[in-house]
Amino acid sequence: MTKPCIICVAITGSVPTKANNPAVPITVEEQIESTQAAFEAGAAICHAHVRNDDETPSSDPEKFARLKEGLERHCPGMILQFSTGGRSGAGKARGGMLPLRPDMASLSVGSNNFPTRVYENPPDLVDWLAAEMREYDIKPEIEAFDLSHIFQAAKMNREGRIPGRLYVQFVMGVKNAMPADRDVFDYYIHTVKRLAPDAEWCAAGIGRHQLEVNEWCIAAGGHTRTGLEDNVRLDRDRLAPSNAALVQRTVELCEKHERPVATWREAREILGLRMPATEAA
């Protein structure tokens, strides 16, 4: 299989803390350092959240701006993807960083259950976030927590509310949401190919499911996501020492399945993203 595999590193998230794993990067400076190591290990996309000093989730545009500036300096060419997830804020605050024009942003197009609450994505908020992404030339990554989310993304794509080729990520293994089930995974791929034949897809496995979902993606010709946001361990007995270590493990899976790892240039070409200004010049 010669198609390059894009590796996304989800560096921090909204949930893991240093009590769970001291390697979780919390401050902007820690996030930049951790991402640079992951970039050098083979990650082409950084999926980023920001945190307050007390480790609680934040949607502060100023923190995102400092993170973006640092990553552009230390990880030149890496695709920057900001989270608009519901744990970091409420309502339109979830998209307050979009005027910073990251390359990509996550977009959940429907609601579902989370471990202790409902992850609410009402249609009017989804439409507003999608409109902001169009306004600022940001490519959405569709986070599909349920089969209906793939159908909704395809509908929004047909209607022009999500323009261009879709990029759909299957999120599997969140408690009370879609389990990490191989038959479901295969059907997700079938559904994406049927509804949006030119779409690219990837998947994220949460917690102990990260490694197996990484391998499913790589073997099936898709892209994949790793990182301390989703999983703080290498195995039952060992904490992951860094985001870079999880990326390196994913690179080794690519080697096992004879998949080349996408460079940032290849990843941008696959996803139809603009090149950095320095490259374009």
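Residues numbered from 1 in each chain as written. Predicted model: local features only at pLDDT ≥ 70, side-chain atom pairs only at ≥ 80, totals over all residues. Heavy atoms only, no water.

The residue Arg-225 is located in strand β12 (residues 223-226) in this model. Overall, the relative accessible area of 4% leaves Arg-225 in the buried class. Taking the C-alpha atoms as reference, Arg-225 lies 8.9 Å from Ile-45; in sequence the two are 180 residues apart. The residues touching Arg-225, leaving out its near neighbours within four places in the chain, are Cys-8, Ala-10, His-47, Glu-143, Gln-169, Ala-203, Ala-204, Gln-210, Asn-214 and Asp-230. (Helix = DSSP H or I, 4+ residues; strand = E, 2+ residues; numbered from the N terminus. Buried < 20%, exposed > 50% of the residue type's maximum accessible area, 1.4 Å probe, protein only. Contact = heavy atoms within 4.5 Å.)

Turning next to the pattern of salt bridges. The tally for this structure, following the rule as stated, stands at 18 salt bridges. Linking Arg-225 and Glu-229 is a salt bridge whose minimum nitrogen-to-oxygen distance equals 3.4 Å. Through salt bridges that share partners, Asp-127, Lys-155, Glu-159 and Arg-161 make up one connected network. (Salt bridge = Lys/Arg side-chain N within 4 Å of Asp/Glu carboxyl O.)

Its place among the elements puts Ser-58 in strand β4 (residues 57-58). A relative accessible area of 6% places Ser-58 in the buried class. At 3.0 Å, the side chain of Ser-58 and the backbone nitrogen of Asp-60 are in polar contact. Among residues more than four places away in sequence, those in contact with Ser-58 are Val-50, Arg-51, Asn-52, Lys-63, Phe-64 and Ser-88. (Polar contact = N/O pair within 3.5 Å; in protein donor to acceptor, adjacent residues only side chain to side chain.)

For the rest of this paragraph, the subject is the packing of helix α6 (residues 210-220) against helix α7 (residues 243-256). At their nearest, the axes of α6 and α7 sit 10 Å apart, and the two run at 40° to each other. Judged by the sense of rotation from one axis to the other, the crossing of α6 with α7 is right-handed. Here α6 contributes Gln-210, Leu-211, Asn-214, Glu-215 and Ile-218 to the contact with α7, which in turn contributes Leu-246, Arg-249, Thr-250, Leu-253, Cys-254 and Lys-256. Here the residues of the contact of α6 with α7 are counted per class, giving five nonpolar, three polar and three charged. (Axes fitted to C-alpha atoms, helices over the stretch in contact; angles between N-to-C directions. Left-handed = near helix turned anticlockwise from the far one by under 90°. Nonpolar A, V, L, I, M, F, W, Y, C, P; charged D, E, K, R; others polar.)

Another point: the pairing of strand β1 (residues 7-10). In β1, alternate side chains face the same way, and those of Ile-7 and Val-9 on one face and Cys-8 and Ala-10 on the other are all buried. Relative to β12, β1 runs parallel, the two sharing three bridges. Bridge assignment links Ile-7 to a residue of β12, and that residue is Thr-224. Relative to strand β2 (residues 45-48), β1 is paired through three bridges, and the arrangement is parallel. Residue pairing across strands places Cys-8 opposite Ile-45, the latter belonging to β2. Handedness of the crossover joining β1 and β2 through helix α1 (residues 28-41): right-handed. (Pairing = 2+ DSSP bridges. Right-handed = clockwise from strand over helix to strand, strands pointing away.)

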